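Listed below are the residues making up each chain.
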Amino acid sequence: AKIETRRGSARIALDVTPAFDRLIFMDASAEHCEALEGLKLAYPGRDIDILRGDANRLIQDQIKWDGWRHTRAVMFLDPYGMEVEWGTLKAIAETRAIDVWYLFSLSGL
């Protein structure tokens, strides 16, 4: 029996060409963060941060920055359900510099 493996969203983001300058992965699960740390080791020389906690809080903290007029970002929101708070989406929009890809499961519809 052949085992099929699929690349997760973190690996897909790491494999994009041209490469992103910086990647920040956020997850509430210690186990998932450990896996992300392993993935970080597989990509030496890349600017990768892994943050553990509630992504709503982490995102809102991370995007409080005055430099958005001079840079752009792409954010992939890949929640465990439909758990992104309106305040988080509003804060992202207020930067006027972050393009958002909202990844959701068909069951979320």
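Above this note sits the structure.
Peer 1: Account for the packing of helix α3 (residues 55–62) against helix α4 (residues 86–95), with residues named and values stated.
Peer 2: Look at α3 against α4: their axes get within 9 Å of each other, and the N-to-C directions meet at 20°. Here α3 is positioned roughly parallel relative to α4, judged by the angle of their axes. For the pair α3 and α4, the sense of crossing is left-handed. Contact with α3, carried on its side by N56, I59 and Q60, involves G87, T88, A91 and I92 of α4 and no other residues of that element. Broken down by class, the residue content of the contact of α3 with α4 amounts to three nonpolar, four polar and no charged.

Peer 1: Let's hear about a nonpolar patch on the surface: which residues, and what values?
Peer 2: Taken together, the side chains of V74, F76 and W101 make up a nonpolar region of the molecular surface, amounting to roughly 310 Å² of accessible area. With respect to the element layout, V74 can be found in strand β3 (residues 73–77). Residue class for V74 comes out partly exposed when judged on its relative accessible area of 39%.

Peer 1: If you had to explain the packing of aromatic side chains to someone new, which residues and values would you point to?
Peer 2: Tallied over the full model, the rule gives three aromatic pairs. The interplanar angle of 75° and the centroid separation of 6.2 Å between the aromatic rings of F20 and F76 together place this pair among those described as edge-to-face. Residue F20 is located in the loop between α1 (9–15) and β1 (22–27), and its partner F76 is located in strand β3; the two are separated by 56 residues in the primary sequence. Using a relative accessible area of 25% as the deciding quantity, one classes F20 as partly exposed. Among the aromatic residues, ring-to-ring pairing joins F20, F76 and W101 into one connected group.

Cut-offs applied
Along each chain, residue indices are assigned from 1 in the same order as the chain's sequence is written. Local features in this predicted model are restricted to residues of pLDDT 70 or higher, and side-chain atom pairs are both shown and tallied only at a pLDDT of 80 or more, whereas totals for entire chains, interfaces and linings draw on every residue. The side-chain quantities take in all heavy atoms of the structure and omit both hydrogens and water. To get an axis, fit a line to the C-alpha atoms, keeping to the stretch in contact for a helix; angles then go from 0 to 180 degrees between the N-to-C directions. In DSSP terms, a helix is any run of H or I states spanning at least four residues, a strand is any run of E spanning at least two, and both are numbered starting from the N terminus. Roughly parallel here means an angle under 35 degrees, roughly antiparallel means over 145, roughly perpendicular means 65 to 115, and every remaining angle is called oblique. The handedness criterion is simple: a crossing whose near helix is rotated anticlockwise from the far helix by less than a right angle is left-handed, and one whose near helix is rotated clockwise is right-handed. When checking whether two residues touch, look at their non-hydrogen atoms; a contact exists if any pair is within 4.5 Å. Each residue gets one of three labels, nonpolar for Ala, Val, Leu, Ile, Met, Phe, Trp, Tyr, Cys and Pro, charged for Asp, Glu, Lys and Arg, and polar for the others, Gly among them. Patches here: salt-bridge-free residues with over 30% relative accessible area, like charges joined within 9 Å, nonpolar side chains (Val, Leu, Ile, Met, Phe, Trp, Tyr) joined within 5 Å. Calculation of accessible area relied on Shrake-Rupley with a 1.4 Å probe; when residues are assessed, cover is drawn exclusively from the protein chains displayed. By salt bridge we mean one thing: a side-chain nitrogen of Lys or Arg within 4 Å of a carboxyl oxygen of Asp or Glu. The classification of residues rests on relative accessible area computed with a 1.4 Å probe and restricted to protein chains. Under 20% of the type maximum is buried, over 50% is exposed, and intermediate values are partly exposed. Ring pairs shown here join Phe, Tyr and Trp side chains whose ring centres sit within 6.5 Å, with only the six-membered ring taken for Trp; geometry is labelled stacked below 30 degrees between planes, edge-to-face above 60, and tilted in between.

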